Amino acid sequence: MPPLRSLGSPTLTCDYAPSDDDSGNVSVHPPPVTQIVGPVDKRERWVRHGMVKERARILVVGGGYVGMYTALRLQRKLQQELKRGQVDITVVTPNPYMTYQPFLPEAAAGNISPRHVVVPLRRVLDGCRIVVGEVTSIDHAKRTATLTTLATTEEGTGAQQLTYDELVLAPGSVSRTLPIPGLVEHAIGFKTVEEAIGLRNHVIEQMDIASSTRDPAIRDAALTFVFVGGGYAGVEALGELEDMARYAARYYHNVKAEDMKWILVEASGRILPEVGEEMGKYTVTQLRRRNIDVRLETRLDSCADRVAVLSDGARFPTRTVVWTAGVKPHPLLAATDLPLNERGRLKCTAELRIEGATHAWAAGDAAAVPDVTAAEPGKETAPNAQHAVRQAKVLGDNIARSLRGEPLETYSHKYVGSVASLGLHKGVAHVYGRKLKGYPAWFMHRVYHLSRVPTFNRKARVLAEWTLSGLFKREIVSLGSLEHPRAEFELAAGGKPPQYPNQDRKQNPKGSS
């Protein structure tokens, strides 16, 4: 096996770092940027067949599906090289954990503990260096990434630069928002575990407000919940939370399930396009049987002053607007010198290399990967979790192959189908051409995602929680105060509680300004 490239471990240098440009001139980079470089130990260099090999520094940007699974794959494939110090893997991620997003609806409904929806990266990637921070720009021509960490603000040293030999770009995606009046001020997303738990606390809090108020306008707004977006996130979140709220209503003396209004707004003419048109229509029928108002070919025009105004003219005073209307590429991609397509995603080859850039790789939501299994040319793989996990496996293998001078593998995976949960014991599925409804689809949804959640530890904990939730009653407690743990102490100490974003809502339930 040919030896791998070898560079020393990253170390912190002085404020002024000289470098040679293409013309041979020497330039000096002034502060406040701190340079992290890797000095080459000459003893670790050797010549084989006329080529100099150096230790490979692999930088993985992002700790989501692609980032975690790629680093995990590299950790296994390059196990011996890591022990010999021939490879260094660094993962830069905003959070020290990976969120398994298909479990967010069940976490919001209280079926799964929030701690079991996330996977701690330091435990899983024990052979990698985990840096909790955010990459703000990448200069691949110079093999440098500019990043900020939790310590940069405290130190006052400014951004840092991390050099690398191989780059894996997997920052994922962010919520796609529109310039809708009131959206920024009042809406909540559904991409993170914090948003899922915050939404659960908010829904129960609205039921508490409706139970204690004497104002019918406040009660009506508190019990009206508007979800925008008919994809997986919107439909599953709506189904699970409506199921949870309907169960919780039995413990309120003056709030009934029929008092609540649940509204799903979708701009296209169908929901859940991944499960097929027939299953999408079935889902609409099932939701409407639960008194959920499904409005197709309808847009949200405004939610200012806590009134949801729809394109069909309907107006709903509401204190809850959940925005799940699609995603867009991460802003980091635009701050690189790498090629992007018209949608802002990285242009990639079927081997998951970034086109026109050596030693640069990408997969998942950030990458436009050609679908070699498609009949029509030019089609790309869908940006979903199913492709992301499988692409990460091929990506890790190809990086290891590239370092060893071996031929690369082409990513080829046919989309096998989709499953979606609509609440407890309710779901839809379209897998391998077979269509399932109700309990069988819901059971398949749980089995599939239990098999895909990383680590045996998480599988066992999730399975135990599902078992216990089937034996005992649901928990319907709101712990919204966890978001502001110092408020009670500051008030007791004689100070004024800090003005949190939702404090005005609690003091002014109508939401007027």
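All values derive from a computational prediction rather than experimental measurement.

## Quick word on the pairing of strand β14 (residues 166–169)
Now for step 1: Residues Glu166 and Val168 of β14 are buried on one face, and the alternating residues Leu167 and Leu169, pointing to the opposite face, are buried as well.
Now for step 2: Of the strand pairs in this sheet, strand β7 (residues 56–61) and β14 are connected by four bridges, and their pairing is parallel. Paired with valine 61 across the two strands is leucine 169, which belongs to β14.
Now for step 3: The sheet contact formed by β14 and strand β26 (residues 360–362) spans three bridges and is parallel. Across the sheet, the residue bridging to leucine 167 is alanine 360, located in β26.

## Focus on the environment of leucine 340
Now for step 1: Mapped onto the elements of the fold, leucine 340 is located in the loop between β24 (327–329) and β25 (346–347).
Now for step 2: Residues leucine 340 and alanine 368, 28 residues apart in the sequence, show an inter-C-alpha distance of 8.6 Å.
Now for step 3: With near-sequence residues (within four places) excluded, leucine 340 lies in contact with Leu333, Ala334, Arg345, Leu346 and Lys347.

## Some words on the environment of alanine 107
Now for step 1: Mapping alanine 107 onto the fold places it in helix α3 (residues 104–109).
Now for step 2: With a relative accessible area of 2%, alanine 107 lands in the buried category.
Now for step 3: As a C-alpha pair, alanine 107 and arginine 200 span 93 residues in sequence and 8.5 Å in three-dimensional space.
Now for step 4: Among all residues touching alanine 107, those that are not within four sequence positions of it are Ile112, Val117, Ile197 and Arg200.

## Observations concerning the sheet that holds strand β20 (residues 300–302)
Now for step 1: Strand order in the open sheet made by the three strands is β20-β21-β22, with antiparallel pairing throughout. Pairing within the sheet leaves two strands with one partner each, and these edge strands are β20 and β22 (315–317). Averaged over all pairs of adjacent strands, the angle between strand axes in this sheet comes to 35 degrees, irrespective of strand direction.
Now for step 2: Inspection of the sheet shows strand β21 (residues 307–310) paired to β22 by three bridges, in the antiparallel sense. The residue of β22 that forms the bridge with valine 307 is proline 317.

## Section: the confidence of the model for the protein chain
Now for step 1: Per-residue pLDDT for the protein chain has a mean of 84; in total, 85% of the residues score no lower than 70.
Now for step 2: Contacts for the low-pLDDT stretch residues 1–52, under 50 throughout, to residues beyond four places or in other chains number 113 contacts.
Now for step 3: Here residues 500–513 is modelled with pLDDT under 50, and outside its nearest four sequence neighbours on either side it reaches 19 contacts, counting other chains as well.

Rules behind the numbers
- Residues numbered from 1 in each chain as written.
- Predicted model: local features only at pLDDT ≥ 70, side-chain atom pairs only at ≥ 80, totals over all residues.
- Heavy atoms only, no water.
- Buried < 20%, exposed > 50% of the residue type's maximum accessible area, 1.4 Å probe, protein only.
- Helix = DSSP H or I, 4+ residues; strand = E, 2+ residues; numbered from the N terminus.
- Pairing = 2+ DSSP bridges.
- Contact = heavy atoms within 4.5 Å.
- Axes fitted to C-alpha atoms, helices over the stretch in contact; angles between N-to-C directions.
- pLDDT = per-residue confidence, 0-100.

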